[in-house]
Amino acid sequence: MNTVLDFIIPRLVKAIQDKRHQSYIDHSMQDLLTQRVLQMACGYQDANDSNHLRKDPMFKLAVGRSPLNAETHLASAPTFTRLGKGLSRRDIYDLTYAFAEHFLSSYKKPPKLAVIDLDHTASLTHGAQQYSLFSTKYGNTCYLPLMIFEGLSGKLITAILRPGKTPSGRKHGRSSPLSANTSSLRPIK
């Protein structure tokens, strides 16, 4: 049975340039991303949750590992910290493209009309994450990712992580991921 993960995870893996030394790898990029996406989908937002979920039989089974084998534990929080810190600006930019490509490939033929819906949402943070800023609107430190949806179907096109302050709009020029992703969409003639 194919799931959404079977389609999106390989695109995300391809978007990330894996700079890890191959002889030290216990967890493939595919396994890391699958584990992280599943944990987040189950409400475990923080990477440190993986310290106790790495031994969970259901998560291990979902990633394709033997659920009861102590030798097949999943990745821990430090592994996800290294993964996050190892991503380059190019990797992050390519990840936005991977989501947009996934959206475009979800149609057998291009729709006659697409409504682009832009919404930001607060992603509350705790601690001293880089670019996590105080937002008076939300009364907390947060990021304000820009979520881009197709308004008629509700499908996610992509998301762009932004600092937790209300954007002025001046930063979104021709080289931004937003303009690059929307240029993939063609106007109706």
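All values derive from a computational prediction rather than experimental measurement.

Core analysis: the largest hydrophobic core is formed by 19 residues, its most contacted members being I9, L12 and L33. Broken down by secondary-structure element, the contributors of at least two residues to this core are α1 (4-15), α2 (29-41), α4 (57-63), α5 (77-86) and α6 (89-105). Among the elements that take part in this core, α1 stands out by supplying 5 residues, more than any other. In this structure L12 touches L33, L95, A98 and F99, once residues within four positions along its chain are discounted. L146, I148, I157 and I160 belong to the second-largest nonpolar core, a separate cluster that totals 6 residues.

The strands making up a sheet are joined through hydrogen bonds of the backbone, oriented either antiparallel or parallel. Across the sheet, 3 strands lie side by side as β1-β5-β6; this open sheet has antiparallel pairing. Sheet topology places β1 (116-120) and β6 (156-160) at the edges, where each strand pairs with a single neighbour. Averaged over all neighbouring strand pairs, the angle between strand axes comes to 20°, with direction disregarded. Alignment of strand β5 (residues 146-150) against β6, held across 4 bridges, turns out to be antiparallel. Bridge assignment links L146 to a residue of β6, and that residue is I160. Here α6 sits on the sheet and contacts β5 and β6; the angle it forms with β6, its principal contact strand, is near 170°.

Between its first and last C-alpha, α2 extends 18 Å over 13 residues, near the 18 Å set by a 1.5 Å rise per residue. Looking at the residues trailing α2, positive phi occurs at G43, about 95°.

The next thing to look at is the pairing of β5. Burial along β5 is one-sided: L146, I148 and E150 are buried, while M147 and F149, pointing the other way, are not. Summarising the sheet, β1 and β5 pair through 5 bridges and their orientation is antiparallel. If you follow D117 over to β5, its bridge partner there is F149. What sits between β5 and β6 in their antiparallel hairpin is a turn of 5 residues, with G154 showing a positive phi close to 80°.

With that settled, consider the environment of R162. With respect to the helices and strands, R162 occurs in the loop between β6 and α7 (177-182). Residues R162 and C142, 20 residues apart in the sequence, show an inter-C-alpha distance of 9.5 Å.

Moving on: the environment of F59. Tracing the sequence through the fold places F59 in helix α4. The class for F59 is buried, based on a relative accessible area of 9%. Put simply, F59 and R36 are 23 residues apart on the chain and 10.0 Å apart in space, counted from C-alpha to C-alpha. If near-sequence neighbours (up to four positions away) are discounted, F59 is found in contact with L38, Q39, C42, Y44, L53 and L74.

This paragraph deals with the environment of F149. The topology assignment puts F149 in strand β5. Overall, F149 belongs to the partly exposed group, its relative accessible area being 25%. In the structure, F149 is positioned 49 residues away from A100 in sequence and 9.9 Å away in space, judged by C-alpha atoms. In contact with F149, not counting residues within four places along its chain, are V115, I116, D117, D119, G154, K155, L156 and I157.

What counts and what doesn't
Residues numbered from 1 in each chain as written. Predicted model: local features only at pLDDT ≥ 70, side-chain atom pairs only at ≥ 80, totals over all residues. Heavy atoms only, no water. Core = buried A, V, L, I, M, F, W, Y, C linked by side-chain atoms within 4.5 Å. Buried < 20%, exposed > 50% of the residue type's maximum accessible area, 1.4 Å probe, protein only. Helix = DSSP H or I, 4+ residues; strand = E, 2+ residues; numbered from the N terminus. Contact = heavy atoms within 4.5 Å. Pairing = 2+ DSSP bridges. Axes fitted to C-alpha atoms, helices over the stretch in contact; angles between N-to-C directions. Expected span 1.5 Å × (residues − 1).

Such coordinate-based values are descriptive only and should not be taken to indicate function.
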